[in-house]
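# Fold and contact review
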Amino acid sequence: MQKVRSSSLLSLLLLFFTYMILGWVLYTNTLKWGLCNGELFGLTFSFKCKWWVLILTGALILLLAETLAAPLSNLRKILSLTFQSDTRAFIALITLAFLTSVLIIWINFVAYIVLLVASALRARLDMAMIGFRDWQAFFTLSAVSLSGFLLGWIAAKITLLS
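Just so we're clear, the structure is a prediction, and the values are computed from it rather than from any experiment. (Residues numbered from 1 in each chain as written. Predicted model: local features only at pLDDT ≥ 70, side-chain atom pairs only at ≥ 80, totals over all residues. Heavy atoms only, no water.)

Time to look at the nonpolar core. Formed by 27 residues in total, the largest nonpolar core has its most connected members in Leu-15, Tyr-19, Met-127, Leu-141, Phe-149 and Trp-153. Sorting the residues of this core by element identifies helix H1 (6-33), helix H2 (49-69), helix H5 (107-130) and helix H6 (134-161) as the ones contributing at least two each. In this structure Met-127 touches Leu-12, Phe-132, Ala-137, Thr-140 and Leu-141, once residues within four positions along its chain are discounted. (Core = buried A, V, L, I, M, F, W, Y, C linked by side-chain atoms within 4.5 Å. Buried < 20%, exposed > 50% of the residue type's maximum accessible area, 1.4 Å probe, protein only. Helix = DSSP H or I, 4+ residues; strand = E, 2+ residues; numbered from the N terminus. Contact = heavy atoms within 4.5 Å.)

Bringing a nonpolar patch on the surface into the picture now. Taken together, the side chains of Ile-21, Ile-105, Trp-106, Phe-109, Tyr-112, Ile-113, Val-117 and Leu-121 present a nonpolar region at the surface, about 780 Å² in accessible area. The element best represented in the nonpolar patch is H5, accounting for five residues. Looking at where Trp-106 falls in the secondary structure, it is placed in the loop between helix H4 (86-105) and H5. (Patch = residues over 30% accessible without salt bridge, like charges linked within 9 Å, V, L, I, M, F, W, Y side chains within 5 Å. Areas by Shrake-Rupley, 256 points an atom, 1.4 Å probe, with all protein chains shown as cover. Salt bridge = Lys/Arg side-chain N within 4 Å of Asp/Glu carboxyl O.)

Summed over all chains, the structure comprises two salt bridges. Of the charged contacts, one joins Asp-126 and Arg-122 as a salt bridge, the two residues approaching to 3.2 Å between their closest N and O atoms. Of this pair, Asp-126 and Arg-122 both sit in helix H5, four residues apart, roughly one helical turn. For Arg-122, a relative accessible area of 38% gives the class partly exposed. We note a salt bridge from Asp-134 to Arg-124, for which the minimum N-O separation is 3.1 Å. With Asp-134 in helix H6 and Arg-124 in helix H5, the pair connects residues that are ten residues apart, well separated along the chain.

Turning to H5, a few remarks are in order. Helix length check: H5, at 24 residues, gives a terminal C-alpha distance of 34 Å against a target of 34 Å (1.5 Å per residue), a fit within 8%. Following H5 by one or two positions, Gly-131 adopts a phi angle in the positive range, close to 115°. (Expected span 1.5 Å × (residues − 1).)

For the rest of this paragraph, the subject is the packing of aromatic side chains. Within the structure shown, the criterion is met by four aromatic pairs. Measuring from ring centre to ring centre gives 5.2 Å for Tyr-27 and Trp-153, while their planes differ by 80°; the resulting arrangement is edge-to-face. Residue Tyr-27 is found in helix H1, and its partner Trp-153 is found in helix H6; the two are separated by 126 residues along the sequence. Within the aromatic cluster, the residues linked to one another by ring pairs are Tyr-27, Phe-149 and Trp-153. (Phe/Tyr/Trp six-rings, centres within 6.5 Å; stacked < 30°, edge-to-face > 60°.)

See the structure below:
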């Protein structure tokens with residue numbers, strides 16, 4: 001077992017609270033968006049969308065943990081495949097320009113994502129300095145992130161329903 005320093009515990013605590021805030025914000029926003037009633041933008045759905053928000057967010061949390069735990073050689077392979085031909089590079093740059101405009105329009109939402117990624121990167125950097133293997137970092141990031149998110153979601157549900 002690795003010896004955990006106090007700075008890495010602090011970064012994991014920061015990661016936990018960041019995801020706890022995400023859980024709280026997503027729960028309160030699903031109430032505002034009307035997802036608890038099965039409708040979105042005036043369209044009525046026959047299923048409860050709140051569960052889909054939980055499942056999608058959980059999948060994105062695991063994807064972020066896997067991305068941070070994986071070696072950078074995989075990212076290098078993807079980038080080299082993207083820019084091998086002029087057509088792929090053009091499509092990638094047009095997509096990047098579109099995503100940049102969407103990010104600027106939704107800056108208040110993007111700030112949450114930047115905060116999540118920054119705290120996860122800080123925790124991963126501390127784990128790398130201690131000497132965690134890739135799979136240990138993945139499981140640690142996943143456990144801390146998912147538990148923080150679920151605790152924030154449950155705390156908001158208990159607080160707002162009482």
